[in-house]
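# Working through the structure, step by step
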Amino acid sequence: MAPGFTLPNVRYLNHTGAKGIFVEEHMDRPTTAEVARFFDKVRVTKHCWLWEASLNGKRYGHFWHRGQNIKAHRFSYALFVRPIKPGKQILHRRECGNPSCVNPHHLYMGTHTDNMRDKKIWGDIVFGERVGVSKLSESDVRIIRKIYRDNKFNHKYIGELFNVDRTTVGRIVRGEYWRRVH
Ligand SMILES: [Zn+2]
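Quick summary incoming for the structure in this document. Note that the structure is predicted; figures quoted are calculated from it, not measured. (Residues numbered from 1 in each chain as written. Predicted model: local features only at pLDDT ≥ 70, side-chain atom pairs only at ≥ 80, totals over all residues.)

### A closer look at the overall build of the chain
Formally: The helix and strand labels rest on DSSP assignments: H or I over at least four residues marks a helix, E over at least two residues marks a strand, and numbering proceeds from the N terminus. Exposure classes come from backbone-placed C-beta atoms, where a residue is buried if 20 or more other C-beta atoms lie within 10 Å of its own, exposed if 12 or fewer do, and partly exposed in between.
Helix and strand counts for the chain come out as six helices and eight strands. From first element to last, N terminus to C terminus, the chain shows the α and β order β-β-α-β-β-β-β-α-β-β-α-α-α-α. Counting across all 182 residues of the chain, residues that qualify as buried make up 28%.

### So, the packing of helix α4 (residues 138-151) against helix α6 (residues 166-173)
To be explicit about the condition: Between the N-to-C directions of two axes lies an angle of 0 to 180 degrees, each axis being a line fitted to C-alpha atoms and, for a helix, fitted only over the stretch in contact. Angles below 35 degrees are treated as roughly parallel, those above 145 as roughly antiparallel, those between 65 and 115 as roughly perpendicular, and all remaining angles as oblique. With C-beta atoms placed from the backbone, a contact is any residue pair whose C-beta atoms sit within 7 Å. By the convention adopted, Pro, Cys, Tyr, Trp, Phe, Met, Ile, Leu, Val and Ala count as nonpolar, Lys, Arg, Asp and Glu as charged, and the other residues, Gly among them, as polar.
Two numbers describe how α4 lies on α6: the axes approach to 9 Å, and their chain directions differ by 85°. Between α4 and α6, the crossing angle belongs to the class labelled roughly perpendicular. For the pair formed by α4 and α6, the contact residues are V141, I144, R145 and Y148 on the first element and V169, I172 and V173 on the second. Its residues assigned to classes, the contact of α4 with α6 comprises six nonpolar, no polar and one charged.

### Description of the nonpolar core
This is how the line gets drawn: In these notes, a nonpolar core means any group of buried Ala, Val, Leu, Ile, Met, Phe, Trp, Tyr and Cys residues linked to one another through C-beta atoms within 7 Å. Domain extents, as shown, originate in an automatic or database domain assignment.
The biggest cluster of nonpolar side chains holds 26 residues, and the ones touching the most others in it are V42, F75, Y77, V102 and I144. Contributing elements (two or more residues each) for this core: α1 (32-39), β4 (49-51), α2 (72-80), β7 (89-92), β8 (107-110), α4 and α6. When residues of this core are assigned to their parent elements, the largest contribution, six residues, is made by α2. A domain split of this core shows at least three residues from each of domain 1 (32-122) and domain 2 (128-173).

### Considerations on the environment of W51
Among the secondary structure elements, W51 is positioned in strand β4. Taking the C-alpha atoms as reference, W51 lies 8.8 Å from H73; in sequence the two are 22 residues apart. The contacts of W51, once residues within four sequence positions are left out, are K41, V42, G61, A72, S100 and V102.

See the structure below:
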């Protein structure tokens, strides 16, 4: 995950259907139940958040949401990172490369050209944060706080998503752990 990653307000983008494009102007925040339903289909592993429900022919996760067939990684990006601009693709970082992954750390917004360019530039540098030093990354901590604040999930449920115990989640959301991360 790139340094300086921030989590803006959760916003959800309308889906126009046929072309698979989210339109930035039409935003409606998903409910807690909808977010929970999304997470119920996700299996969090050490690196990737694997989509365990339907996959399409290209191995991207998708699910029905408000009457529309939504790509799971786009939903995750819009939920955790920022609105998806019209015409933009949500791409998997090279270090991930798993179409069924919905870990927002592994996603970025770009065009097909960006995708080709970044594959050349990045090499192996981006994905170091999680390895070794600590079980959670700073980005994880921000996401945990955001999920807790926005969706009122309990500590146990969030702990299961991130593979940490509920006490740790409590300390994170109260600011006792990771105090310098905002
Ligand atoms: Zn991944």
